[in-house]
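# Topology and contacts: notes
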Amino acid sequence: MRINSLQADRCLRGSPLEFHLRTFANSLVEDGYTDRTIELKLGLLACLGRWLQPTKFSITDLDERLLQAFLKHRRRVHGGDLKTLRQFLDHLRKRNVVPGQKPICDRSPLAGILNQYETYLRSERGLVAHTIVNYQDFVRKFLLERFRKEPFRLQEIKPSDISDYVLRHGPRMAVGTAHSMTTAFRSFLRWLFQKGELKADLTAFVPSVASWRLSTVPKYLAPEEVERMLKACDRRTAIGRRDYAILLLLARLGLRAAEVVALRLQDINWKAGEILIRGKGLLHDWMPLPADVGEALSSYLCQDRPACQIRRVFLRMDAPRSGFATTAAVRSIVRQALGRADLHPAFKGTHLLRHSLATSMLRSGATMGEIGEVLRHRAPMTTEIYAKVDFESLRSLAHPWPMGGAQ
């Protein structure tokens, strides 16, 4: 790949780091940085090469401490300088020019407990990485509060330790977070019992969190409101075409935000008209690809998605090129789309479109089983909540209110 800017090319000529700066510059071009940004980054790194030249250090000696020394030497430091230097160091490490950063090994007793627990969750329970991290975080906070500066004598954990902790912290948490905390504690206590740290299984003593799963009616948009939101996307722009494709996946197939983020190029089978959904719990499902969704994806991929080695379907439009880091980007796209369409529902999350699809299917005569199949629910009870939005059917079950007073 060629460097587009003549000014950037001049920065490289004669630099003691020229070869490595050229490979770095090419990676910046691939990541979508503008010519001006590349010029600024290469100018800084050319200064680094000149600073290194009279010293006893070579490029293979570069590390965080040496970069800090260089910044201290410079009289004027700009806000993005440290980020550029770290980018360059990461680039060199990926190409084995400099040794990788040595990981800090935590050999504390608490780290030992959590590492063993992590192995159990991964190898025996088969949990995904983010669930393991959440469980470890809850357990870490509990153990630190329970033992404080004392040794971690796990065999001393009592039922009241767990119940008191949940009652103390649970009321300040969202219901979902509190439920995750109690699930983590049951898992941890079960593991301690299995490995002989506890003489009795204490899982029954973990308080339950009332979630009232069926206490509310799912929030949804009417079909005409969904169409209004989709039409509000400016499909004359690259961002508008990308966001339109994402919103169609949410509205027509009921995808979760994480499933949109995880979608890869190889997951679309154009010949068969199918799309692979990487769902919860590492479960994968092939689903039919509706024509309008396929057209929107094709338009984005052919016109707007930059050519790069990243396999994710949806990429950030700003440099550096990468897939969405979290589901927050998808949530933001939904909120912005609702605002453009002048829609103001009480709930603005990505599940709003999932609920809207289920509600529309129900009112069109679909059965609960058919809705559950489209939404990829593993248990029929998960779909039950949508029965509450079928007001016409529920009205037929209601008894007439008695008229007049008692005789």
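Relevant structure appears above.
To keep things clear, this report deals only with the structure shown in the data block.

### Here we look at the overall build of the protein
From N to C terminus, the protein includes 17 helices and three strands. Buried residues in the protein amount to 41% of all 407 residues. In the protein, once contacts between residues fewer than 6 apart in sequence are set aside, the share between residues at least 24 apart is 58%. As displayed, the protein has an accessible area near 23,800 Å², and 54% of this comes from carbon and sulfur atoms.

### Describing the nonpolar core
Ranked by size, the top nonpolar core spans 41 residues in total, and within it Met-229, Leu-247, Leu-249, Leu-250, Ile-275, Leu-297 and Phe-314 carry the most contacts. Breaking this core down by element, the ones donating at least two residues are helix H10 (223-231), helix H11 (238-253), helix H12 (257-262), strand S2 (274-278), helix H13 (291-303), helix H14 (328-340) and helix H15 (351-363). With nine residues, H11 is the largest single contributor of residues to this core. Ignoring anything within four residues of it in the chain, the contact list for Ile-275 reads Leu-249, Leu-253, Leu-263, Asp-267, Ile-268, Asp-285, Trp-286, Met-287, Pro-288, Leu-289 and Leu-297. Tyr-120, Ile-157, Tyr-165 and Phe-185 belong to the second-largest nonpolar core, a separate cluster that totals 28 residues.

### Quick look at the sheet that holds strand S3 (residues 284-288)
Spatially, three strands are ordered S1-S2-S3 in an open sheet, and the strand pairing comes out antiparallel. Where the open sheet ends on each side, the last strands, each with one partner, are strand S1 (268-269) and S3. Judged from the five bridges that link them, S2 and S3 form a sheet pairing that is antiparallel. Across the sheet, the residue bridging to Ile-277 is Asp-285, located in S3.

### Details of the pattern of salt bridges
This model, assessed by the stated rule, comprises 19 salt bridges. Close ionic contact of Glu-64 with Arg-93 constitutes a salt bridge, the shortest N to O distance being 2.9 Å. One end of the pair, Glu-64, is in helix H4 (residues 64-73); the other, Arg-93, is in helix H5 (residues 81-94), and 29 residues separate them in sequence. Given a relative accessible area of 15%, Arg-93 falls into the buried group. A salt bridge links Arg-140 to Asp-137; the nearest nitrogen and oxygen atoms lie 3.5 Å apart. Here Arg-140 and its partner Asp-137 are both found in helix H7 (residues 129-147), three residues apart, which amounts to about one turn of the helix. Owing to a relative accessible area of 32%, Arg-140 belongs among the partly exposed residues under this scheme.

Conventions adopted
Residues numbered from 1 in each chain as written. Predicted model: local features only at pLDDT ≥ 70, side-chain atom pairs only at ≥ 80, totals over all residues. Heavy atoms only, no water. Helix = DSSP H or I, 4+ residues; strand = E, 2+ residues; numbered from the N terminus. Buried < 20%, exposed > 50% of the residue type's maximum accessible area, 1.4 Å probe, protein only. Contact = heavy atoms within 4.5 Å. Areas by Shrake-Rupley, 256 points an atom, 1.4 Å probe, with all protein chains shown as cover. Core = buried A, V, L, I, M, F, W, Y, C linked by side-chain atoms within 4.5 Å. Pairing = 2+ DSSP bridges. Salt bridge = Lys/Arg side-chain N within 4 Å of Asp/Glu carboxyl O.

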